[in-house]
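Below, each chain spelled out in residue letters.
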Amino acid sequence: MDNYKVYLVEDENNLSEVIKAYMEKEGWSVTVFADGKQAHNHVTETPHLWVLDIMLPGMDGYQLLKAIKAEHDTPVIFISARDKDLDRVLGLELGSDDYLAKPFMPEELVIRAKKLLKRVYHSEQQEENKIELNGYTVDANSRIVLDEGEQVELTTKEMDLIILLTTNVGNALSREQIIEYVWGEDYFGSERAVDDVVRRVRKKLPRIHVETLYGYGYRVLSS
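Parameters at a glance
- Residues numbered from 1 in each chain as written.
- Predicted model: local features only at pLDDT ≥ 70, side-chain atom pairs only at ≥ 80, totals over all residues.
- Heavy atoms only, no water.
- Helix = DSSP H or I, 4+ residues; strand = E, 2+ residues; numbered from the N terminus.
- Contact = heavy atoms within 4.5 Å.
- Phe/Tyr/Trp six-rings, centres within 6.5 Å; stacked < 30°, edge-to-face > 60°.
- Buried < 20%, exposed > 50% of the residue type's maximum accessible area, 1.4 Å probe, protein only.
- Pairing = 2+ DSSP bridges.
- Right-handed = clockwise from strand over helix to strand, strands pointing away.
- Salt bridge = Lys/Arg side-chain N within 4 Å of Asp/Glu carboxyl O.
- Axes fitted to C-alpha atoms, helices over the stretch in contact; angles between N-to-C directions.
- Parallel < 35°, antiparallel > 145°, perpendicular 65-115°, else oblique.
- Left-handed = near helix turned anticlockwise from the far one by under 90°.
- Nonpolar A, V, L, I, M, F, W, Y, C, P; charged D, E, K, R; others polar.
- Core = buried A, V, L, I, M, F, W, Y, C linked by side-chain atoms within 4.5 Å.
- Expected span 1.5 Å × (residues − 1).
- Polar contact = N/O pair within 3.5 Å; in protein donor to acceptor, adjacent residues only side chain to side chain.

Digging into the side chain of Asp97
Link 1 in the chain: With respect to the secondary-structure elements, Asp97 resides in the loop between helix H4 (84-94) and strand E5 (98-101).
Link 2 in the chain: Ignoring anything within four residues of it in the chain, the contact list for Asp97 reads Lys69, Thr74, Pro75, Val76, Leu116, Arg119, Thr156 and Lys157.

The structure is reproduced here in structure tokens:
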């Protein structure tokens, strides 16, 4: 059982206590913050996972998400009772890793959190060896990319994407395959999210040739 450290930001006391109890049953350490400003004081810290409500007193979840991602590439799950489609899209664009609309069963949040934590920290698809490609070193186990020895700052999804593409050099990957690996089987958003992450990866790793396969997906060429 992994002793993950979770930061939960939720102003509904009853809900936060229930979620905390369910997560602690998994052996996780859970710290609860009741407002955005209180949580903002801890964005420089490194829990394994943040769970953020969007509507918070003091500072909303969007602002908090930006602050978290500016410090560390920590996985984030958004929860909200507002317009679920709008919040899901905005959250993903800002870098959240999953989204759950209220009301929800606490068990579902735990299941989603477990899948995300496994994918980020214990992915079975990570390769043992480092991948060298056009002057870059992709280390799937450590989840870092080096550009001639200098680390390239990547978000969680950018890292997931580049691991997937570089462990399948020359192979065509559909958008559906990319979504399943990077966002998980439960993702219901637009495929445009794939194109957005590809665009960011191309900008950050310009020497890796990510080829567009129009109407299908992408692949990385060997040179």
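So much for the structure itself; the text now carries on.
A short note on the packing of aromatic side chains
Link 1 in the chain: Overall, the coordinates contain 5 aromatic pairs when judged by the stated rule.
Link 2 in the chain: When the centroid spacing of 5.0 Å and the interplanar angle of 90° are considered together, the rings of Tyr7 and Trp50 count as edge-to-face. Within this pair, whereas Tyr7 is found in strand E1 (residues 5-9), its partner Trp50 is found in strand E3 (residues 49-53), the two being separated by 43 residues in sequence.
Link 3 in the chain: Given the relative accessible area of 3%, Tyr7 is considered buried.

Considering the pairing of E3
Link 1 in the chain: In terms of residue burial, E3 counts as a mostly covered element, since 5 of its 5 residues are buried.
Link 2 in the chain: Burial along E3 is two-sided: the residues Leu49, Val51 and Asp53 and Trp50 and Leu52 are all buried.
Link 3 in the chain: Where E1 meets E3, 4 bridges bridge the pair, whose relative direction is parallel. Paired with Val6 across the bridge in E3 is Leu49.
Link 4 in the chain: Pairing geometry for E3 and strand E4 (residues 76-80), over 4 bridges, is parallel. Across the sheet, the residue bridging to Trp50 is Val76, located in E4.
Link 5 in the chain: Taking the sense of rotation as the criterion, the β-α-β connection linking E3, helix H3 (residues 61-71) and E4 turns out right-handed.

Details of the side chain of Thr156
Link 1 in the chain: Relative to the elements of secondary structure, Thr156 occurs in helix H6 (residues 156-166).
Link 2 in the chain: Not counting residues up to four positions away in its chain, the partners in contact with Thr156 are Lys69, Asp73, Thr74, Pro75, Asp97, Val120 and Arg143.

Some words on the pattern of salt bridges
Link 1 in the chain: Here the structure, examined in full by the defined rule, presents 19 salt bridges.
Link 2 in the chain: We note a salt bridge from Glu26 to Lys114, for which the minimum N-O separation is 3.5 Å. Separated by 88 residues along the polypeptide, Glu26 in the loop between helix H1 (13-25) and strand E2 (29-33) and Lys114 in helix H5 (residues 106-121) bring together distant segments of the chain.
Link 3 in the chain: When the shortest N-O distance is used, the salt bridge between Arg219 and Glu211 registers 2.5 Å.
Link 4 in the chain: Given the relative accessible area of 26%, Arg219 is considered partly exposed.
Link 5 in the chain: Look at the salt bridges and you will find they share partners, linking Glu158, Asp196, Arg199, Arg200 and Lys204 into a network.

A short note on the packing of H6 against helix H7 (residues 175-182)
Link 1 in the chain: Put simply, H6 and H7 touch, their axes get as near as 10 Å, and they point 125° apart. Comparing the axis directions of H6 and H7 gives the class oblique. H6 and H7 meet at a crossing whose hand is right-handed. The residues of H7 that touch H6, namely those facing Lys157, Asp160, Leu161, Ile163 and Leu164, are Gln177, Ile178, Tyr181 and Val182.
Link 2 in the chain: For the contact of H6 with H7, the residue count by class is 6 nonpolar, 1 polar and 2 charged.

Concerning the nonpolar core
Link 1 in the chain: By size, the foremost hydrophobic cluster in this structure holds 31 residues, and its most contacted members are Val145, Leu161, Ile162, Ile178, Trp183, Leu205 and Ile208.
Link 2 in the chain: Contributing elements (two or more residues each) for this core: strand E6 (131-133), strand E7 (136-139), H6, H7, helix H8 (192-204) and strand E12 (217-220).
Link 3 in the chain: A total of 6 residues in this core trace back to one element, the largest contributor, which is H6.
Link 4 in the chain: Judged by nonpolar contacts, the second largest core, of 20 residues, contains Leu8, Leu15, Phe104 and Val110.

Here's the deal with H5
Link 1 in the chain: Helix length check: H5 (16 residues) gives 22 Å between terminal C-alpha atoms against 22 Å at 1.5 Å per residue, within 8%.
Link 2 in the chain: Restricting attention to buried positions, one finds in H5 the residues Pro106, Leu109, Val110, Arg112, Ala113, Leu116, Leu117, Arg119 and Val120.
Link 3 in the chain: Against H1, E3, E4, E5, H6 and H7 lie the buried residues of H5.

Some points on the environment of Glu158
Link 1 in the chain: Within the secondary structure, Glu158 sits in helix H6.
Link 2 in the chain: Distance from Glu158 to Arg200, taken between C-alpha atoms, is 7.5 Å for residues 42 residues apart in sequence.
Link 3 in the chain: The residues touching Glu158, leaving out its near neighbours within four places in the chain, are Glu153, Val197, Arg200, Val201 and Lys204.
Link 4 in the chain: Here the side chain of Glu158 touches Thr155 through a polar contact of 2.9 Å, landing on its backbone nitrogen.

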